[in-house]
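Listed here are the chains, written in short residue letters.
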Amino acid sequence: MPEDPKPPAARSTNTGTPEKPVAGANPVSATPPAAGAPPAPAKAAAAAPAKPAAPAKPAGPVPTLWEAALVDRLKRRFGSGIEAWTYLGQHYLQADGAVVAELLQILRDEEKFDYCVDVTALHYPKRERPFDLVWILYSFPNNQRVRVKAQFADGAGAPSVVKLWPTTNWLEREVFDMFGIRFEGHPDLKRILLPDGWKGHPLRKDYGILQQDSEWVQINLGIESGQ
Amino acid sequence: MLNYITSYLDKNVQVTPGQAGNIFWALVYILCVFGGVSLVVVCMNWLERKILAHMQVRIGPMRVGPHGLLQPIADALKLILKEDIIPEGADTVVFWFAPLIILLAVFSVYCVIPFGPTHAITDMNIGLLFMLGVSSLGVLGIVMAGWASNSHYPLIGALRSSAQMVSYEIAMGLAVVSAVLMTSLNAQGTGTLSMIGIVQAQQSQHIWFAFKFFPLGLIAFVVFAIAMVAETNRAPFDLPEAESELTAGFHTEYSGLRWSLFMLGEYAGMIAVSSIATTLWLGGWMRPFPNLLRGAAWDMAFSLFPALTFFGLAGLTFYGAARMAKTSFFRVQAMGLAGFGAVLGVIGLILLLPPVRTGIQDIYWFVAKIAVFLYLFIWYRATFPRYRFDQLMKVGWKVLLPVGLGVLILTAAAGVVTG
Amino acid sequence: MNDPNSAVSPLDLDAKESTFLDANELILNMGPQHPATHGVLRVILKLDGEKVLGLECIIGYLHRGVEKIAENRTYAMFNPYVDRMDYVAAVSNGLGYCEAVEKLLNVEAPPRANYIRVILAELNRIASHQLWLGTHALDIGAMTPLFYTFRDREEILKIFEKYCGARLTTHAFRIGGCLYETYDGFEQDVRNFLDFVGPKINEYEELLTTNRIWVRRTRDVGVISGKDCIALGVTGPVLRASGVKWDLRKAQPYAAYKKFDFEIPTGTNGDTYDRYLVRMAEMRQSIRIIRQAVDGLPSGPIMAKVSKVIKPPVGEIYHSIEAPKGELGYFIASDGSTQPYRVRVRPPSFVNLQALDLMCKDQLVADVIAVIGTLDIVLGEVDR
Amino acid sequence: MTPVATPFFFYMLSGLMIIGGLLVITRKNAVHSALALILTLLAQAGLYLMLYAPFVAGVQIILYAGGIMVLFLFVIMLVNLERMQKEKQFNKQWLVGLVAALSLGAMFVAVYVRGRALFPERAVSLPEAQNTQSIGLMLYGNYMFAFEIASLLLLVAIIGAVVMAKKRI
């Protein structure tokens, strides 16, 4: 539910973003999307989304529990630390922040997920731990994909996995650039896409679509504002 | 004054103007040669763009004049009118002098090139040595140009191209020595360095040196052909101007007329090295198969070649003019082309006249052989990618040098054996 | 790495106490305006004479914030933006995005739509490889292939233009299938093209494959092993040229790829020459696929039942396809509204570019240009 | 064969040499003095030609102007000489230099004036056409051994240079 900060009245023509009424009509404001279900509520409760938008529409596909040998091995090791779901045939593990580093280590070494496809993040400003970090892994030997998700508070450091998969070097730098999540143990954590002196992290929900680091623009480009 | 001029013209003086000490005729020859070379450079400019285009599925310049024929003139005009920038912080004296040294070096090679038994500006006893010496002066011009531009890329480009030219000069020298060695296989046992002497040696030995001692002459010829391409920074060896790495090599900072001097130098250099190769290995001004196809009938047939080529060109231009679109806009171009075709036809007719026909014979065959080399230069540029610098040096030092030495030794051995 | 933007002049011996004979490190700044960096890529090279000690890529000059825009557009409105990322292979971008949203909607495109999608995607692969070959050969100095490849690529662009009105950024697909029915004469055009391009690829091979200078400039240049590729997440022809036989069209088939048989060409020692051979072979395999697809094109609807306003249920999915440059993935999280909550694009060029430093170690400056060419990166996709 | 070289050429060439020589020592910029040196060497080649020694003139152009001076320029450009230029050009011993130059000049004049008998009256007529051939015969005939030793010496010098310049043999 992206809440755009009300653009100041001065800017009459609001190019691009259709003005979204911020009224509370938004159906799912109460509970965060099921996929990011916080571990606290009981598993069954998180399953059903609060109320589908159109009452007549049948309930959409829902994440179901994922039973597999892999999951049992991981459950034996981590117990309540992880939960395994399947959504539309795609398996993902919901892990705790503390446990996720070790989980990724095991997934790579024992479960042969030798290729880290992607590292990315989602931002839910409403939750007490607003950032959802997602690692998408793939195993060449058994041609299988899995996603590992973990929640992190703002400003809390996330574990860097550059030692496990060198490809995550730039991927983590981009997540830091766009979300501001610091990765402990990253060899060279600095911005990758935005200019070095840029302040602010664009992909956060509270960062407006038209907003810019006007101070950087004025200093470096010598123009009043990018718009 | 008048008899000074006519004294050179009477029949018994069978020597180049330089040797005859006749300054007037030497000047006339110099003007002819330089006028001819500039004309050829202008044609080369058009030919290179057209041939390269057709090799690359394009049609080349078509807009300036019929089939782009006025393109070289347009280029020359543009370069003359363009602003001539001297970069700030550049060493103006050296910057201004560099292209002149290159032109000096390249054009002074022409004064010993024999277009015919007496058609050369002069014939020095050390003709070939003089040529190699002066062509090595060209390196100085490049080094100076690179240094005077006062920026990294031209400096690195200049160092690279001078290193390349210095190392390929050696391979060139060795190939040349083996050719000169062949000239000494005659009665009195001493060869000659003079260019006319070399061609006369080939005449007396009734064989082009490229085919003498069958594989050896050819190998020396090929070694020279490769070294000459590297010497003029062309085709696979055009690393100093490698656009993708060093932007434009030593003449990055030049513009306008000064830059065109570099281009003039490059094309003139190509013609110079091709003419050395022709003189040494392909029997200079001799017509093909002088001994095999002896007799007046064959002489007559071969003497018609110059006229035939010009008629062929005229036919081509008329065909082009005929195919021109019939709209009013194209009418001017069609007329221009037809006029150009008529001029070529008239030249062909003149070449048919008996006195002109025999006189032009030597020059025609020499220029025809050079034309083949120039076509090869363009063909290389279309097909070959560029050598990397270390590979380029490796070919120069580890392939051409040993092969050149080997050929030299074997030629000497063959000479002793056939004795 | 000292401050990269202080370009130390090569002759400035005061910068470091170094004796006359000691090699002083030259920091060479290549790009972002450079004829051979395929767009706005800036590479800081640390050189010892001609040899590359290390390099660092500075990217972001073409960053347009596509993922931020996605969060403020509806699913259908975002579709054209996807074409602007890898503008050389726009059809594959569109295919990936539409299939990801269809998976989110739990909808399957009808068989005819899938066949059309495969045909256009493979045509796009040939066009992308042709553009790669032209510019790559030009970087190494061979001028002629560029004109050959662009002449042949023109035919493909004509087919795209006839089909969907655009040549490069085609926006050819919609969520749920294809919007346009194939124009009459489509099969004939494609068949003519297949017969036309087959011998043309042999022409490229004649020009380059046995060209000694080409081989010398590409053999053992920018070598990367299979293991390093997987560790660095490198995918696509670069991975296959290092000996790993992995192609998403076979490993996890999508669209109608299950129905066609084709091989996956692989190389052995992962150098520039093998990547060249793999891409040429891939072009031939694409011709095989298109021929089978055109012959077996089924009739029937081209659009699945998808409501005008696309409101997928809450949830997240990741879907990836085999784009000409490698694995192109879309991670879409929806919150049930008409606008996606988060669209994450996993671009192959961005990840492949990471391998540039490893591949250029101890190579020469001229090889850096060749390696950038062989990685076939497009800066629109790297910077997003 | 009437000699083409008239006294005019002789004075011009030697004048060039003197000017070149002076420029070499007076120029502040190293490259300028290198170019002046090239001018001197080329003028010297011209003088050789006047003495009917074309082979020596050709070799002079190739070796000196084409080879050695190019390497001079290489060294000058690779070694960054801005620092040198800042220091003062002239050292203190110009007086000693002047005295030495004058005494050398006086000696030349003395030899020229008194030793008139040494120089033959008329110019020696050398068979210009046979010059190169005779050198060749002499070089490979009588002085074969000296020629080989000299080439061996050069080989040692080359190997020394390579060892010195190459970091990793």
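Residues numbered from 1 in each chain as written. Chains lettered and ligands numbered in written order. Predicted model: local features only at pLDDT ≥ 70, side-chain atom pairs only at ≥ 80, totals over all residues. Heavy atoms only, no water.

Attention shifts here to the interface of chain B and chain D. Taken residue by residue, the interface counts 24 residues in chain B and 25 residues in chain D. Interface of chain B and chain D: buried area, both sides summed, is about 2100 Å²; carbon and sulfur atoms make up 81% of it. Looking at the side of chain B facing chain D, the largest losses of area belong to Asn125, Leu140 and Trp147 of chain B, adding up to 25% of the total buried there. For the pair chain B and chain D, the number of links is zero salt bridges. Counting across the interface, chain B meets chain D through two residue pairs in polar contact (both at pLDDT 80 or more). Residue contributions to the side of chain B that touches chain D peak at eleven residues, all from helix H6 (residues 127-148) of chain B. Of the residues in the side of chain B that touches chain D, the class split is 16 nonpolar, seven polar and one charged. (Contact = heavy atoms within 4.5 Å. Buried area = accessible area lost by both parts, 1.4 Å probe. Salt bridge = Lys/Arg side-chain N within 4 Å of Asp/Glu carboxyl O. Polar contact = N/O pair within 3.5 Å; in protein donor to acceptor, adjacent residues only side chain to side chain. Helix = DSSP H or I, 4+ residues; strand = E, 2+ residues; numbered from the N terminus. Nonpolar A, V, L, I, M, F, W, Y, C, P; charged D, E, K, R; others polar.)

When the parts of a complex come together, some accessible area is lost, and that lost area is often used as the size of the interface. Contacts between the two partners involve 56 residues from chain A, matched on the other side by 49 residues from chain C. Here chain A meets chain C over a buried area of about 4500 Å², counting both sides, of which 58% is carbon and sulfur. A per-residue breakdown of the area chain A buries against chain C is headed by Arg145, Trp170 and Leu193 of chain A, which together make up 15% of the total. Where chain A meets chain C, there are seven salt bridges. Close ionic contact of Lys190 of chain A with Glu56 of chain C constitutes a salt bridge, the shortest N to O distance being 3.1 Å. Connecting chain A to chain C are 28 residue pairs in polar contact (both at pLDDT 80 or more). Taken together, the elements giving at least two residues each to the side of chain A that touches chain C come down to strand E4 (115-123), strand E5 (131-139), strand E6 (144-152) and helix H4 (168-179) of chain A. Top element by residues in the side of chain A that touches chain C is E4 of chain A. It accounts for eight residues. Looking at the side of chain A that touches chain C residue by residue, the class counts come to 35 nonpolar, ten polar and eleven charged.

This brings us to the packing of helix H14 (residues 328-352) of chain B against helix H15 (residues 354-383) of chain B. Residues and elements named next belong to chain B. As a packed pair, H14 and H15 sit with axes 5 Å apart at the nearest point and diverge in direction by 95°. In terms of orientation, H14 and H15 fall into the roughly perpendicular class. Between H14 and H15, the contacting residues are Ile350, Leu351 and Leu352 on the first element and Pro354, Val356, Arg357 and Ile360 on the second. Its residues assigned to classes, the contact of H14 with H15 shows six nonpolar, no polar and one charged. (Axes fitted to C-alpha atoms, helices over the stretch in contact; angles between N-to-C directions. Parallel < 35°, antiparallel > 145°, perpendicular 65-115°, else oblique.)

Turning our eyes to something else, we now look at the pairing of strand E6 (residues 315-323) of chain C. Both faces of the sheet carry side chains from a regular strand, because those side chains alternate between them. All names here are of chain C. Judged by how many residues are buried, E6 sits mostly within the fold: nine of nine residues are covered. Going residue by residue along E6, you find Gly315, Ile317, His319, Ile321 and Ala323 tucked away on one face and Glu316, Tyr318, Ser320 and Glu322 tucked away on the opposite face as well. Both E6 and strand E7 (residues 326-334) contribute to a ladder of nine bridges, which runs antiparallel. Looking at E7, one finds that Gly315 is bridged to Ser334. The turn linking E6 back onto E7 is made up of two residues. (Buried < 20%, exposed > 50% of the residue type's maximum accessible area, 1.4 Å probe, protein only. Pairing = 2+ DSSP bridges.)

Read these as geometric descriptors, not functional statements.
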